[in-house]
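Chain by chain, the residues:
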Amino acid sequence: MNQDIHYTDETEYYVAFSHVSGIGPLTVEKLIAFFGSIKSAYNAPVEQLAQVFQGQALKNLIEFRSQESPYSILKSLLKKDIQVLTPDLPQYPSKLRNIAVKPLCLYIKGNISIVTDEDTPAIAVVGTRNCTPYGRYLTNLFASRLASAGMTIISGMAEGIDALAHEIALKFKTRTLAILGCGVEVIYPPVNTKLYNRILSEGGAIMSEFPPDQKVVKGLFITRNRLVSALSDGVLIIEGASKSGTLITAGHACDQGRPVFLPPYNLTATYGYTFSHLMQEGGTFVFSPDDIFEQLNLKPDRKSTRLNSSHTVI
């Protein structure tokens, strides 16, 4: 499900920079501001680059560009049906343009329109890997209704709540986007290999800001959480401990102006802290999926259970 994307002269340089270890979006922003364009920054003399950043990251860049051609990297990705969105392209999601750390690249396998089409309302469903039976019940209750209404379901393809949310989206044949904390060619956790393949074969998409072969590194999962919230119109929190990716995602949602939805929680559960903390931080209690529709100014068509296309998210 490819789109006809016309890449610019800058695209390949965003891709190249994203492959250099130690160089992230903030460094590239500084380089663009200093040199005027990303192409000029990538090809700048070492002594000029050293005025912006130094150390191992600079050494990595010098070594990388002596061995790799930016155009060849991009061409290789496209041959493998890995699509790329970079900030120079009009298809780059507007929801990501103004977040604190804007991704250099979005590497996408599958239905890229899930990422580029921002007219379809999207809900992020997040929760713990070690979910409780009650957590699974809540996920089924809420995600089934949201998916049947046609909302895009966004999550991180982790075990537990994430995987269940994607499975429910596939069951109701609605769009689902898995945002990984590793490369799109790395299936993690391996137990979700079948789910990964189903997402791609049944109209969903797999996305990451990291190079496609990026292996699993714990800190990268925390980094990706800001994209889960940013690409959604709201974040549904199912379960999460006091120190968890769930809580981090909720924090990003608050910073990005996305509503955080909190369904009734089990009073005997150990994650009660997360619920009470998020309520204090401005989370919205939702007793049923219809509360989410109301908060987002959406009206499902009761006859077809799909969203009325004349209503959009505010």
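Check the entry above for the structure.
Read on for a plain summary of the structure.

How each quantity is defined
Residues numbered from 1 in each chain as written. Predicted model: local features only at pLDDT ≥ 70, side-chain atom pairs only at ≥ 80, totals over all residues. Heavy atoms only, no water. Helix = DSSP H or I, 4+ residues; strand = E, 2+ residues; numbered from the N terminus. Buried < 20%, exposed > 50% of the residue type's maximum accessible area, 1.4 Å probe, protein only. Contact = heavy atoms within 4.5 Å. Pairing = 2+ DSSP bridges. Right-handed = clockwise from strand over helix to strand, strands pointing away. Axes fitted to C-alpha atoms, helices over the stretch in contact; angles between N-to-C directions. Parallel < 35°, antiparallel > 145°, perpendicular 65-115°, else oblique. Nonpolar A, V, L, I, M, F, W, Y, C, P; charged D, E, K, R; others polar. 1 Å grid on protein atoms, 1.4 Å probe; cavity = no way out; pocket = protein on both sides within 12 Å on 5 of 7 lines; lining within 4 Å. Points joined across faces, edges and corners; volume = space filled by probe spheres on them.

1. Comments concerning the side chain of Asn 60
Alright, step 1. Along the chain, the position of Asn 60 falls in helix α5 (residues 56-67).
Alright, step 2. Residue Asn 60 is classed as buried on the basis of its relative accessible area, which comes to 18%.
Alright, step 3. Not counting the four nearest positions on each side in its chain, Asn 60 is found in contact with Val 20 and Ser 21.

2. With respect to the pairing of strand β5 (residues 176-179)
Alright, step 1. Here β5 shows no split at all, with Thr 176 and Ala 178 on one side and Leu 177 and Ile 179 on the other all buried.
Alright, step 2. In this sheet, β5 lies alongside strand β4 (residues 152-155) in parallel orientation, the contact comprising three bridges. From the neighbouring strand, Ile 154 faces β5, where its bridge partner is Leu 177.
Alright, step 3. A crossover connection joins β4 to the parallel β5 through helix α10 (residues 161-171); in handedness this β-α-β unit is right-handed.
Alright, step 4. Two strands pair when backbone bridges link them, and β5 and strand β6 (residues 205-208) are joined in this way by three bridges, in the parallel orientation. Of the residues in β6, the one forming a bridge with Ile 179 is Met 207.
Alright, step 5. Each parallel crossover has a hand, and the one from β5 via helix α11 (residues 193-201) to β6 is right-handed.

3. Side note on the packing of helix α1 (residues 11-18) against helix α6 (residues 70-79)
Alright, step 1. Look at α1 against α6: their axes get within 8 Å of each other, and the N-to-C directions meet at 90°. Between α1 and α6, the interaxial angle falls into the category roughly perpendicular. Contacts from Thr 11, Glu 12, Tyr 13, Val 15 and Ala 16 of α1 reach α6 at Pro 70, Tyr 71, Ile 73, Leu 74 and Leu 77.
Alright, step 2. Broken down by class, the residue content of the contact of α1 with α6 amounts to eight nonpolar, one polar and one charged.

4. Concerning the layout of surface pockets
In this approach the atoms are scanned with a rolling probe the size of a water molecule, which exposes any empty space left behind.
Alright, step 1. Estimates place the volume of the largest pocket at around 460 Å³.
Alright, step 2. In terms of lining, the largest pocket is formed by 22 residues, of which the most central are Arg 129, Asn 225, Ser 244, Gly 245 and Thr 246.
Alright, step 3. Put simply, the parts of the chain that give the lining of the largest pocket at least two residues each are α12 (218-230) and α13 (245-255).
Alright, step 4. When the residues that make up the lining of the largest pocket are grouped by side-chain class, the tally is eight nonpolar, nine polar and five charged.
Alright, step 5. In this model, the second largest pocket occupies a volume close to 370 Å³.
Alright, step 6. What lines the second largest pocket is a set of 20 residues, and nearest its centre among them are Ser 18, Ile 23, Glu 209, Phe 210 and Pro 211.
Alright, step 7. Of the residues that constitute the lining of the second largest pocket, the class distribution is 10 nonpolar, seven polar and three charged.

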